[in-house]
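Structural description and commentary
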Amino acid sequence: RQPRIFQRLGRICSVFLSALSVVVLSLGSLTGCVKDNDEATGSKPAAATARAGVVRLAPEAVAAAGIEVRPVARGLFRFHRDFPATVQPNKNKLAEVTTLVRGRAVDVYVDVGADVKAGALLARLYSSDLGLAQASYLKTSAKLHEAELAFERAKGLLEDKAISVAELQKREAEAKSARAEVREARNRLEVLGMHEPDIQRLDREHTISSYVPISAPFAGRVIARNLAKGEVAETHHELFTVADLSDLWVVANIPEKDVRFIHRDQSVEVLVAAYPNEVFQGTITYIGDVMDAATRTMKLRVVVPNRDARLKPEMFATLRVYTNTVTGVLTVPSAAVQRDQNRALVFVQVEPGLFEARSVTLGDESGEVVKVLEGLREGEPVVTKGAFALKSEAEKHKIEPVR
């Protein structure tokens, strides 16, 4: 009997082990199905997020990146163009002081930077040419006086029939010739810079003065001096440059494509590196009529008041020209826009910590603001600071912007 019992127990154990192995295999298959299902649904949230076109950051990562969000709004948009320019003296208020007669500098009274009044003495020259011209004038004047007296005497003698008509006519011709010589000598003095009061003094005093005064033509500042004491000044030399710096010119060259923004008497802004936080106001007074054939630019001139003399000639400047203000324009800060190859994108906050990359179509840019034509709706929260960090995170997962 015992052997039979053992045989039955063996068969029971065999059946139990077979059933147990089936259960184990079934559980293994079930586990595999669950694993496959997890892989199918995605056990990596980052990969699923990438396919959705969004970037998720933890709160501490958002703070570390300095991300700021602001709703997109419509408002005023003032478009402007900036052009490089230079500050120059107002040539309508600038004089290159020269001499009309060759001479040697006896005295020089002013230096560069001196403020002078109209008629102020800048220098004094000694000119032998001027002395000879004055002597010639005095001689011709004396000759004229003698000729006129002779003519008057001849008229009296003719009445007494003491001389002939031919003699009277001779005396008259000599007087006319003397008058012509005086006019010629007087014109010579005027060419050499003598004025009517000086000539009248010469007629009255008969005293020759060979000194030539060099005077300021108007009130202003001496911005150049090219004369030293003892130096010989020629008529073609520029001895001094006097400029009225109460207003200056700002000159720029405008590209052909931007000519449409320029109008005469238009108010503009002038920016200079010396005063980075200040804006100088000016007015367009001249627009070129002909484009430069080589550079395809047009000359533009702006007059800028300079009452405190802070602007200096030859300063580099930026000329800012504004167009008309447009209302109801959707804009975002330029810092919010990121570039991806030939596309522009911004990041829109879907929920705290979740940001969507959005392709946008942009319009004109004015300063730190750019116009949005397509891709955003008013009120959507856009990342205005820290967008570059989101772009870097997006590039890690090859995120495609939402269109």
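Structure first, text after, so check above.
Presented here is a report on the structure given in the accompanying data block. Every chain begins its residue count from 1, and numbering advances along the sequence as written. Local features in this predicted model are restricted to residues of pLDDT 70 or higher, and side-chain atom pairs are both shown and tallied only at a pLDDT of 80 or more, whereas totals for entire chains, interfaces and linings draw on every residue. To obtain the side-chain values, all non-hydrogen atoms of the structure were included, while hydrogens and water were left out.

**Here we look at helix α5 (residues 165-191)**
Only runs of H or I of at least four residues qualify as helices and only runs of E of at least two qualify as strands under DSSP, and these elements are numbered from the N terminus. Expected helix span is taken as 1.5 Å per residue step, with the number of steps being one fewer than the number of residues. End to end, α5 covers 39 Å across 27 residues, agreeing with the expected 39 Å (1.5 Å per residue, within 8%). Throughout this description, buried means an accessible area under 20% of the type-specific maximum (1.4 Å probe, protein chains only), exposed means over 50%, and partly exposed covers the range between. Listed in full, the buried residues belonging to α5 are L168, A175, A178, V182, A185 and L189. Throughout, a residue-residue contact means that at least one pair of heavy atoms, one from each residue, lies within 4.5 Å. Packed against the buried residues of α5 are α4 (128-159) and α6 (196-205). Following α5 by one or two positions, G193 has its phi on the positive side, about 105 degrees.

**Overview of the environment of R260**
On the secondary structure map, R260 appears in the loop between β12 (247-255) and β13 (267-272). R260 sits 63 residues away from T323 along the chain, and the two C-alpha atoms are 9.8 Å apart.

**Quick notes on the layout of surface pockets**
A 1.4 Å probe that fits into a set of points on a 1 Å grid over the protein atoms alone but cannot get out defines a cavity; an open set with protein on both sides within 12 Å along at least five of seven lines defines a pocket, and lining residues are those with an atom within 4 Å of a point. Grid points are joined across faces, edges and corners, and a volume is the space filled by probe spheres set on the points. In this model, the largest pocket occupies a volume close to 400 Å³. Every residue lining the largest pocket is counted, 19 residues in all, and those nearest its centre are G193, M194, H195, V212 and P213. Elements that contribute at least two residues to the lining of the largest pocket include exactly α4, α6 and β8 (211-215). Among the elements that make up the lining of the largest pocket, the one with the highest residue count is β8 (5 residues). Charged means Asp, Glu, Lys or Arg here, nonpolar means Ala, Val, Leu, Ile, Met, Phe, Trp, Tyr, Cys or Pro, and polar covers whatever is left, Gly included. In terms of residue class, the lining of the largest pocket is made up of 10 nonpolar, 7 polar and 2 charged.

**Quick notes on the pairing of strand β18 (residues 343-351)**
Bridge count between strand β17 (residues 338-340) and β18: 3 bridges; the pairing is antiparallel. What sits directly across from R339, in β18, is A344. In this antiparallel pair of consecutive strands, β17 and β18, the connection spans 2 residues, and Q341 shows a positive phi of 60 degrees. The pairing of β18 with strand β19 (residues 354-366) spans 7 bridges and is antiparallel. By the bridge assignment, V346 is partnered in β19 with R358. A strand pair is defined by DSSP finding two or more bridges across the two strands.

**What about the side chain of R320?**
For R320, the location among the structural elements is in strand β16 (residues 316-333). In protein, a polar contact means a hydrogen-donor-capable atom and an acceptor-capable atom, both N or O and within 3.5 Å, with residues adjacent in sequence counting only if both atoms are side-chain atoms; elsewhere, any N or O pair within 3.5 Å suffices. Side-chain polar atoms of R320 contact the side chain of D82, separated by 2.8 Å. In this structure R320 touches H80, R81, D82, V268, E269 and L271, once residues within four positions along its chain are discounted.

**Section: the nonpolar core**
Residues enter a nonpolar core if they are buried and are Ala, Val, Leu, Ile, Met, Phe, Trp, Tyr or Cys, with the set joined through side-chain atoms within 4.5 Å. L122, Y137, I214, L227 and F240 are the most contacted members of the largest nonpolar core, which totals 32 residues. Secondary structure elements with two or more residues in this core: β7 (121-126), α4, α5, α6, β8 and β11 (240-243). The dominant element in this core, judged by the number of residues it contributes, is α4, at 6 residues. When residues no more than four places from it in sequence are discounted, the contact partners of I214 are V97, T98, T99, A120, L121, L122, A123, L125, L239 and F240.

**Overview of unusual backbone geometry**
Although it is not a glycine, H206 sits at a positive phi angle of roughly 55 degrees. Tracing the backbone shows H206 in the loop between α6 and β8. Of note in the backbone geometry, R296 takes a positive phi value of approximately 55 degrees without being a glycine. Tracing the backbone shows R296 in the loop between β14 (280-287) and β15 (297-305). Overall, R296 belongs to the partly exposed group, its relative accessible area being 39%.

**Some details on the sheet that holds strand β10 (residues 232-233)**
Here we have 4 strands laid out as an open sheet, ordered β8-β7-β5-β10, and antiparallel in their pairing. Each edge of the open sheet carries a strand with a single partner, namely β8 and β10. Two strands pair when backbone bridges link them, and β7 and β8 are joined in this way by 5 bridges, in the antiparallel orientation. When the bridges of β8 are listed, L121 appears paired with S215.

**Describing the pattern of salt bridges**
Each salt bridge in this description consists of a side-chain nitrogen of Lys or Arg and a carboxyl oxygen of Asp or Glu lying within 4 Å of one another. Applying the stated criterion across every chain yields a total of 23 salt bridges. Taking the shortest distance from any N to any O, the salt bridge between D82 and R320 comes out at 2.8 Å. Of the two residues, D82 sits in strand β3 (residues 73-89) while R320 sits in strand β16, which places them 238 residues apart along the sequence. With a closest N to O distance of 3.7 Å, D111 and R225 form a salt bridge. Residue D111 is found in the loop between β5 (103-108) and β6 (115-116), and its partner R225 is found in strand β9 (residues 220-225); the two are separated by 114 residues along the sequence. Residue class for D111 comes out partly exposed when judged on its relative accessible area of 46%. Judged by its relative accessible area of 30%, R225 is partly exposed. One network of salt bridges, with partners in common, ties together E356, R358, R377 and E380.

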